[in-house]
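Given next are the chains, with one letter for each unit.
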Amino acid sequence: MAERTSILAPGEPPAARVEQHRGQSPYLLICDHASACIPQRLANLGVAAADLGRHIASDLGAAAVAVTLAARLDAVLILQNYSRLVIDCNRPPDSSDSILEVSDGIRIPGNASITPAAAAARLEQVFQPYHERIRAELDARDALKRRTILLAIHSFTPEMHGRRRPWHAGLLYHRDRRLAGALLAFWRREDKFLIGDNEPYAMSDRTDYTLPEHGERRGIAHVGIELRQDLIADAASQGAWAERLADALVYSLTALDC
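Below is a short write-up of the structure. Please read these numbers as outputs of a predicted model, since none were measured by experiment. Positions within a chain are numbered from 1, following the residues in the order the chain's sequence is written. Under the rules for a predicted model, residues below a pLDDT of 70 receive no local features and side-chain atom pairs below 80 are neither given nor counted, while totals for whole chains, interfaces and linings still include all residues. Each side-chain value is worked out from all heavy atoms of the structure, with water and hydrogens disregarded.

Throughout, exposure labels follow a simple rule: accessible area from a 1.4 Å probe, protein chains only, divided by the maximum for the residue type, with under 20% read as buried, over 50% as exposed, and the rest as partly exposed. Only DSSP runs of H or I covering at least 4 residues are called helices, and only runs of E covering at least 2 are called strands; the numbering of each starts at the N terminus. Buried residues dominate strand β2 (residues 27-31), accounting for five of its five residues. Where burial is concerned, the two faces of β2 agree: the one with Y27, L29 and C31 and the one with L28 and I30 are both buried. Whether two strands pair comes down to DSSP finding at least two bridges between them. Judged from the four bridges that link them, β2 and strand β6 (residues 149-156) form a sheet pairing that is parallel. Within β6, the position partnered with L28 by the bridge is L150. Bridge analysis of β2 against strand β3 (residues 76-80) gives four bridges, and the strand direction is parallel.

The structure is reproduced here in structure tokens:
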């Protein structure tokens, strides 16, 4: 069998990058849609630069919040280095949403009629190494008997398909509501923020991969955190939301221990 062609040129970064390598808190942060970067050999997938700056390519603001939050919590953070348009690292690989030909009305020419070999190359060189890095971190923590609380940081558009999304943030979960419930209890003590309970999305095995795979399968307390993109559009607002999340998470840790 011929060796599969690499989609990554020499000198391009690996699929995952790690911030706060020595973080000592129980929190482990992950950011599946941190980057809008496309490997050079994929020629931007034929997508205009302006569209690569939109939410179709990455979760706008999420990486910046995650980096600040990780520093605030003294937590390890693992981020995906390539765009969700290359392959979505939070979708099951056999899902129709794994490699999209159209995203929010924008055609992705480089994904049109993609061959099985080309799709397999993206799976092997982007999706799998990213998730292997998360597994390695979790395995190492297990070996040291370190407690882990898993947080997936995402962002969402203020409007989708003509529907306004009123939530300031959302908490996503599937079968395990422990952490989401503790966070909701914290925020519901006041009415300053509208926090979605499995909004603007509901998590499932068909629509999500990261938390079902790394959280549910291991029995680790976990939650997906969605932040509305217009509320984290600059450094000041990103820092403010990182602080709010840190306060809520410190409270949730106490609640989980009760």
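What follows is about helix α6 (residues 235-257). Each helix should span, by expectation, one fewer than its residue count multiplied by 1.5 Å. The end-to-end C-alpha separation of α6 is 33 Å, in line with the 33 Å expected for 23 residues at 1.5 Å each. Looking only at α6, the buried set comprises S237, Q238, W241, A242, L245, A246, A248, L249 and S252.

A word on the packing of aromatic side chains. Here a Phe, Tyr or Trp ring, Trp counted by its six-membered ring, pairs with any other such ring whose centre lies within 6.5 Å, and the pair is stacked when the planes are under 30 degrees apart, edge-to-face when over 60, and tilted otherwise. Scanning the model with the defined rule gives four aromatic pairs in all. Three or more aromatic residues joined by ring pairs form one cluster here, namely F186, W187 and Y251. We call a charge positioned over a ring when the NZ of a Lys or the CZ of an Arg lies within 6 Å of the ring centre and within 35 degrees of the ring normal. Looking at R189, its charged tip hangs above the ring of Y251, at a distance of 4.9 Å from the centre. For the cation-ring pair, R244 lies above W241, with the distance from its terminal atom to the ring centre recorded as 4.8 Å.

What follows deals with the sheet that holds strand β9 (residues 169-172). Pairing is mixed across the open sheet formed by seven strands, whose spatial order is β1-β3-β2-β6-β11-β9-β10. Across the chains shown, the open sheet's two edge strands, defined by having one partner strand only, are β1 (16-19) and β10 (195-197). On average, adjacent strands in this sheet sit at an angle of 25° to one another, irrespective of strand direction. Pairing of β1 with β3, which is carried by four bridges, proceeds in the antiparallel orientation. Each residue of the ladder has a partner; that of A16, found in β3, is Q80. Note on contacts: a residue pair is in contact if any heavy atoms of the two residues lie within 4.5 Å. Where helices are involved, their axes are fitted lines through C-alpha atoms of the stretch in contact, as for all axes, and angles between N-to-C directions lie from 0 to 180°. The sheet contacts of α6 involve β2, β6, β9 and β11 (222-228), and relative to β2 the element is tilted by about 135°.

What follows covers the state of the cysteines. Criterion for a disulfide: a pair of cysteine sulfur atoms at a distance within 2.5 Å. Under the criterion given, the structure shown has zero disulfides. The structure places no disulfide on C31, whose sulfur is separated from the nearest cysteine sulfur, that of C89, by 11 Å. Residue classification places C31 among the buried residues on the basis of a relative accessible area of 0%. We note that C37 lacks a disulfide partner, and the nearest cysteine sulfur, in C89, lies 13 Å from it. Taking relative accessible area as the criterion, C37 reaches 31% and is therefore assigned partly exposed.

To continue, consider the environment of A136. Locating A136 in the fold gives a position in helix α3 (residues 116-143). Under the relative-accessibility criterion, A136 is labelled partly exposed at 39%. C-alpha separation for the pair A136 and L69, spaced 67 residues apart in sequence, amounts to 22 Å.

A separate point is the layout of surface pockets. In this analysis, the protein atoms alone were mapped onto a 1 Å grid. Cavities are point sets where a 1.4 Å probe fits without being able to get out; pockets are open sets with protein on both sides within 12 Å along at least five of seven lines; lining residues have an atom within 4 Å of a point. Grid points are joined across faces, edges and corners, and a volume is the space filled by probe spheres set on the points. Roughly 670 Å³ of volume is contained in the largest pocket. Of all the elements in the fold, those that place two or more residues in the lining of the largest pocket are β6 and β11. The greatest single-element share of the lining of the largest pocket, amounting to four residues, is contributed by β6. Think of it as three bins: nonpolar holds Ala, Val, Leu, Ile, Met, Phe, Trp, Tyr, Cys and Pro, charged holds Asp, Glu, Lys and Arg, and polar takes everything else, Gly as well. Partitioned by chemical class, the residues of the lining of the largest pocket number eleven nonpolar, 13 polar and nine charged.

With eight of eight residues buried, β6 is to be regarded as a mostly interior element. Residues I149, L151, I153 and S155 line one face of β6 and the alternating positions L150, A152, H154 and F156 line the opposite face, and both faces are buried. Bridge count between β6 and β11: seven bridges; the pairing is parallel. Residue pairing for β11: S155 is matched across the bridge by L227.

Moving on to the pattern of salt bridges. For side chains bearing opposite charge, pairing can occur when the charged atoms are close. Salt bridge, as used here, is a side-chain nitrogen of Lys or Arg placed within 4 Å of a carboxyl oxygen of Asp or Glu. One pass over the full model with this rule turns up 19 salt bridges. Across the salt bridge formed by D94 and R206, the nearest N and O atoms sit 3.5 Å from each other. Residue D94 is located in the loop between β3 and β4 (102-103), and its partner R206 is located in the loop between β10 and α5 (210-216); the two are separated by 112 residues in the primary sequence. When the shortest N-O distance is used, the salt bridge between R135 and E213 registers 3.3 Å. Linking R135 in helix α3 with E213 in helix α5, this pair joins segments that are 78 residues apart in sequence.

That's the geometry; what it means functionally is another story.
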